[in-house]
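In case you want the letters, here they are:
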There are 2 protein chains.
Amino acid sequence: MQLEEGKEKFLQAWGTLGSSWGINRTMAQVHALLLISSEAMSTEDVMQELNISRGNANMNLRALIDWGLVGKELRPGERKEFFVAEKDMWKVARQVIRERRKRELEPMLRILEELKQVEGAQDDKEAEAFTKAIQNLYDLSSKADKTLNTMLRADEHWFLSSFMKLMR
Amino acid sequence: MQLEEGKEKFLQAWGTLGSSWGINRTMAQVHALLLISSEAMSTEDVMQELNISRGNANMNLRALIDWGLVGKELRPGERKEFFVAEKDMWKVARQVIRERRKRELEPMLRILEELKQVEGAQDDKEAEAFTKAIQNLYDLSSKADKTLNTMLRADEHWFLSSFMKLMR
DNA sequence: CAAAACTTTCAATAAGTATTGAAAGTATAG
DNA sequence: CTATACTTTCAATACTTATTGAAAGTTTTG
């Protein structure tokens, strides 16, 4: 397979995968583009490669920076900004986990804590089922939260070796 | 907080969380509804509780069955079908992992294997960056795949205790 | 077999999201 | 200060995805 065809396929696949994880297609494609690029790219470069508008390119680059997956690179003498993606996929995965934990898991835990307080009559089956489900979910979420937290705090080596142990 | 308010909040929260994981809001809400319900529910029950159409209810219940998160319950003498959700959240999590691995991780690995074959001139920086990124991603994905596979094959006890170890 | 009780399908449409592009904003250079 | 070289914003619009509801399909019952 030739390089151009390969790039095209990768952009496509990464975009599709992104969609099924709640990440918009274009954002995932911009990410893919930067991941496989040997050089930092300008907004114009991204616009050209993906055939998207300036506004779209700008907004998705911004979002990627927000997620901590892409960084700005300033070149002396050049006015425009260039963008580079973190290339180490372990770091990428860790960063995505870190962000999703903060954005989704933690808020969910706060809500579940509230919901554990629901009052119900003593023998109300409905109330009992609700409380039980919430408690079960809370227990799982908080275990997951603690585990992720430990993983993320530990240094890369620790993370890797634990992961290796887990897989035998 | 009263039961009704709690239910409402939970349906809302679970729906929102679903959306950010690429699961449609209604499907997540139907799941939430069954999770907290003490009894199996009919299509009509679901329609009423969530104010959705018959077609919508049917299609999302079907999708949940497809994901292995909900089962049918047939009652002797009754013609209509009733639906129950798996209530054990560990099992739910394992099932979601199992399905996503099959639906997303495995196809992605097949694509990455193809893309590792991309040909490029010896000193082509572009080609080199591409190959390196793909290889890196492949390595991570296949480690993840093996780990998940091991986790899922092992029995529940093993899974739980490994998980516990991981979190200290 | 016909009627009743359900479930499924699907074309039309509504609702939700992403994209565009031009205008406004900002920073640097001269 | 003004012109230039960018970046950001946002209302309009295009595109995608979800939902409806009535019709068609299926299964059970009498």
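The following refers to the structure shown.

Here is what the cut-offs are and how they apply
- Residues numbered from 1 in each chain as written.
- Chains lettered and ligands numbered in written order.
- Predicted model: local features only at pLDDT ≥ 70, side-chain atom pairs only at ≥ 80, totals over all residues.
- Heavy atoms only, no water.
- Least-squares fit on C-alpha atoms with pLDDT ≥ 70 in both.
- Contact = heavy atoms within 4.5 Å.
- Buried < 20%, exposed > 50% of the residue type's maximum accessible area, 1.4 Å probe, protein only.
- Helix = DSSP H or I, 4+ residues; strand = E, 2+ residues; numbered from the N terminus.
- Polar contact = N/O pair within 3.5 Å; in protein donor to acceptor, adjacent residues only side chain to side chain.
- Salt bridge = Lys/Arg side-chain N within 4 Å of Asp/Glu carboxyl O.
- Near = heavy atom within 4 Å.
- Nonpolar A, V, L, I, M, F, W, Y, C, P; charged D, E, K, R; others polar.
- Axes fitted to C-alpha atoms, helices over the stretch in contact; angles between N-to-C directions.
- Parallel < 35°, antiparallel > 145°, perpendicular 65-115°, else oblique.
- Pairing = 2+ DSSP bridges.

Note on the copies: chain A fits chain B at an RMSD of 0.0 Å, the axial shift is 0.0 Å, and the rotation between them is 180°. Taken together, the rotation and translation relating the two chain copies correspond to the operation of a two-fold axis. Taken as a fraction of all interface residues of chain A, those also at the interface in chain B reach 100%, which identifies the copy contact as same-surface.

To continue, consider helix H2 (residues 25-35) of chain B. Residues and elements named next belong to chain B. With ten of eleven residues buried, H2 is to be regarded as a mostly interior element. All of the buried residues in H2 are Thr-26, Met-27, Ala-28, Gln-29, Val-30, His-31, Ala-32, Leu-33, Leu-34 and Leu-35. Of the residues that open H2, the one with a side-chain oxygen 2.8 Å from the backbone nitrogen of Thr-26 is Asn-24.

Glancing now at the pattern of salt bridges. Inspection of every chain in the model, using the stated rule, returns 28 salt bridges over all chains. Measuring nitrogen to oxygen at the nearest pair gives 3.9 Å for the salt bridge that ties B:Lys9 to B:Glu5. Placement of the pair is B:Lys9 and B:Glu5 together in helix H1 (residues 3-19), with a separation of four residues, close to one helical turn. The exposure class assigned to B:Lys9 is partly exposed, which follows from its relative accessible area of 32%. Judged by its relative accessible area of 40%, B:Glu5 is partly exposed. In this structure, a network of salt bridges that share partners links the residues A:Asp66, A:Glu99, A:Lys102 and A:Arg103.

Neighbouring residues of DNA strand C: 15 residues in total, closest A:Thr26, A:Ser53, A:Arg79, B:Asn58 and B:Arg79. Atoms of DNA strand C within 4 Å of the protein belong to the sugar or the phosphate in 63% of instances, the rest to bases. Contacts to DNA strand C include B:Arg79, whose side-chain N or O atom sits 3.0 Å from a sugar or linking oxygen. Contributing elements (two or more residues each) for the surface near DNA strand C: helix H4 (54-66) of chain A together with helix H4 (54-66) of chain B. Take the surface near DNA strand C: its biggest share by element is four residues, from H4(B). Of the residues assigned to the surface near DNA strand C, the class counts are one nonpolar, eight polar and six charged.

Bringing the protein's contact with DNA strand D into the picture now. DNA strand D sits among 16 residues. The nearest are A:Asn58, A:Glu81, B:Thr26, B:Ser53 and B:Asn56. By atom count, sugar and phosphate contribute 66% of the portion of DNA strand D lying within 4 Å of the protein. A:Arg79 places a polar side-chain atom, nitrogen or oxygen, 3.1 Å from a sugar or linking oxygen of DNA strand D. A:Glu81 places a polar main-chain atom, nitrogen or oxygen, 3.0 Å from a phosphate oxygen of DNA strand D. At the level of elements, H4 of chain A together with H4 of chain B are the ones that each hand at least two residues to the surface near DNA strand D. For the surface near DNA strand D, the leading source of residues is H4(A), giving four residues. Its residues placed into classes, the surface near DNA strand D shows one nonpolar, nine polar and six charged.

We now examine the packing of helix H2 (residues 25-35) of chain A against H4(A). The angle between the axes and the distance between the axes are what describe a pair of packed helices. Residues and elements named next belong to chain A. One can describe the packing of H2 onto H4 by two numbers: an axis separation of 9 Å at closest approach and a directional angle of 75°. On the basis of their axis angle, the class for H2 and H4 is roughly perpendicular. Mapping the contact onto sequence places Thr-26, Met-27, Val-30, His-31 and Leu-34 in H2 and Asn-56, Asn-60, Leu-61, Ala-63 and Leu-64 in H4. In terms of residue class, the contact of H2 with H4 is built from six nonpolar, four polar and no charged.

Strand pairing in a sheet relies on backbone hydrogen bonds, with the paired strands running either antiparallel or parallel. Residues and elements named next belong to chain B. Spatially, the three strands line up as an open sheet ordered E1-E3-E2, and their pairing is antiparallel. Looking along the sheet, the strands with just one partner apiece sit at the ends: strand E1 (41-42) and strand E2 (70-74). H2 contacts E1, E2 and strand E3 (81-85) of the sheet and is inclined by roughly 85° relative to E3. Across the face of the sheet, H4 comes into contact with E2 and E3 while running at roughly 110° to E2.

Another aspect to go through is the sheet that holds strand E3 (residues 81-85) of chain A. Residue and element names in this part refer to chain A. One open sheet accounts for three strands, arranged E1-E3-E2; its pairing is antiparallel. Bordering the open sheet on either side are strand E1 (41-42) and strand E2 (70-74), each of which pairs with just one other strand. Examined bridge by bridge, E2 and E3 share five bridges and lie antiparallel to one another. For Glu-73, the partnering residue across the bridge sits in E3 and is Phe-82. Of the strands in this sheet, E1, E2 and E3 touch H2, which is tilted by about 85° from E3.

Tallying the contact residues gives 57 residues for chain A and 57 residues for chain B. One can count five salt bridges joining chain A with chain B. In this structure, B:Glu126 engages A:Lys7 in a salt bridge whose closest nitrogen and oxygen atoms are separated by 2.7 Å. Where chain A touches chain B, the interface holds 14 residue pairs in polar contact (both at pLDDT 80 or more). Listing elements by their share of the side of chain A that touches chain B, those giving two or more residues are helix H1 (3-19), helix H5 (89-115), helix H6 (125-153) and helix H7 (156-166) of chain A. For the side of chain A that touches chain B, the element with the highest residue contribution is H6(A), accounting for 15 residues. Per-class residue counts for the side of chain A that touches chain B are 30 nonpolar, twelve polar and 15 charged.

Honestly, it's all geometry; don't read function into it.
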